[in-house]
Amino acid sequence: METAQSQEQAAPGAFTAFARFVLCGGGVGIASSFAVAALASWVPWALANALITVVSTLLATELHARFTFGAGGRATWRQHAQSTGSAAAAYAVTCVAMLGLHQLVAAPGAVLEQVVYLSASALAGVARFAVLRLVVFARNRSQVAATIHTARPVHATVARVSAPADPGALCSAA
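Below you will find a few notes about this structure. (Residues numbered from 1 in each chain as written. Predicted model: local features only at pLDDT ≥ 70, side-chain atom pairs only at ≥ 80, totals over all residues. Heavy atoms only, no water.)

Comments concerning a nonpolar patch on the surface
Taken together, the side chains of Phe18, Val22 and Val126 define a hydrophobic patch exposed on the protein surface, amounting to about 240 Å² of accessible area. Relative accessible area serves as the criterion here: at 33%, Phe18 is assigned to the partly exposed category. (Patch = residues over 30% accessible without salt bridge, like charges linked within 9 Å, V, L, I, M, F, W, Y side chains within 5 Å. Areas by Shrake-Rupley, 256 points an atom, 1.4 Å probe, with all protein chains shown as cover. Salt bridge = Lys/Arg side-chain N within 4 Å of Asp/Glu carboxyl O. Buried < 20%, exposed > 50% of the residue type's maximum accessible area, 1.4 Å probe, protein only.)

Some points on the nonpolar core
The tendency in soluble globular proteins is for nonpolar side chains to be buried side by side. In this structure, Ala17, Phe21, Ala65, Phe69, Ala75, Phe129, Leu132, Val136 and Phe137 together form the largest nonpolar core, which totals nine residues. Where this core is concerned, the elements lending two or more residues are helix 2 (14–39) and helix 5 (110–136). Residue contributions to this core peak at three residues, all from helix 5. Every residue in contact with Val136, bar those within four places of it in the chain, is listed here: Gln79, Gln82, Ser83 and Val131. Core analysis: the next-biggest nonpolar cluster, separate from the first, contains seven residues, Ile52, Met98, Leu101 and Tyr117 among them. (Core = buried A, V, L, I, M, F, W, Y, C linked by side-chain atoms within 4.5 Å. Helix = DSSP H or I, 4+ residues; strand = E, 2+ residues; numbered from the N terminus. Contact = heavy atoms within 4.5 Å.)

A word on the layout of surface pockets
Volume-wise, the largest pocket comes out at about 520 Å³. Contributing to the lining of the largest pocket are 27 residues, with Gly25, Gly29, Ser121, Gly125 and Arg128 lying nearest its centre. Counting only elements with at least two residues in the lining of the largest pocket, the list comes to helix 2, helix 3 (45–68), helix 4 (77–104) and helix 5. Take the lining of the largest pocket: its biggest share by element is nine residues, from helix 2. (1 Å grid on protein atoms, 1.4 Å probe; cavity = no way out; pocket = protein on both sides within 12 Å on 5 of 7 lines; lining within 4 Å. Points joined across faces, edges and corners; volume = space filled by probe spheres on them.)

Description of the packing of aromatic side chains
One pass over the structure, following the stated rule, counts five aromatic pairs. Measuring from centroid to centroid gives 5.0 Å for Phe18 and Phe129, while their planes differ by 85 degrees, and the two rings are edge-to-face. Of this pair, Phe18 sits in helix 2 while Phe129 is found in helix 5, placing the two residues 111 residues apart along the sequence. Residues Trp45 and Tyr117 carry aromatic rings whose centres are separated by 6.1 Å and whose planes lie at 80 degrees to one another, so their mutual orientation is edge-to-face. One end of the pair, Trp45, is in helix 3; the other, Tyr117, is in helix 5, and 72 residues separate them in sequence. In this structure Tyr117 comes out as buried when scored by relative accessible area, which is 7%. It is Arg20 that lies over the ring of Phe67; its NZ or CZ is 4.9 Å from the centre. (Phe/Tyr/Trp six-rings, centres within 6.5 Å; stacked < 30°, edge-to-face > 60°. Lys NZ or Arg CZ within 6 Å of the ring centre and 35° of its normal.)

Details of the pattern of salt bridges
Inspection of the entire model under this criterion finds two salt bridges. With a shortest N-O distance of 3.2 Å, Glu62 and Arg66 are connected by a salt bridge. With Glu62 and Arg66 both in helix 3, this residue pair falls four residues apart, about one helical turn. Accessibility expressed as a relative area gives 51% for Arg66, which makes it exposed. Between Glu62 and Arg74 there is a salt bridge, with its nearest N and O atoms 3.6 Å apart.

Quick look at the structure:
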């Protein structure tokens, strides 16, 4: 029973998970945006974004496994691999956003680049939350639900009320 209760607490609701996702993912995202900007001064922007995306995805997946979605420990290799797909999509979104910015503005300033990058990251982050919650970490929640369901059987008592056999009595009661 204690195990079921502790596992129940480890699986947060959608609102709590989203708040934690914003905290963890947003924190990693903001740090990543500064890291990409710094690294892009030495290597092409797309390469800097790719390198930082790999590192930030590993870090964020660990944080999401341990804290956001309550998986109860470190992320598995399978979860890392599944998370990579959503990170690749986020990488594509940020690259397209930055490419579009550079097509529209000849020499954008660092602040405008950060605004565009972080906006694209936030948009991709909402989709990433859905993928992580519904696909990557969903198995853990369903296992917890199954454990809780089998740990506490529900016993129902059914009371029978006899109805009058005369159809006329039913109609007059209505």
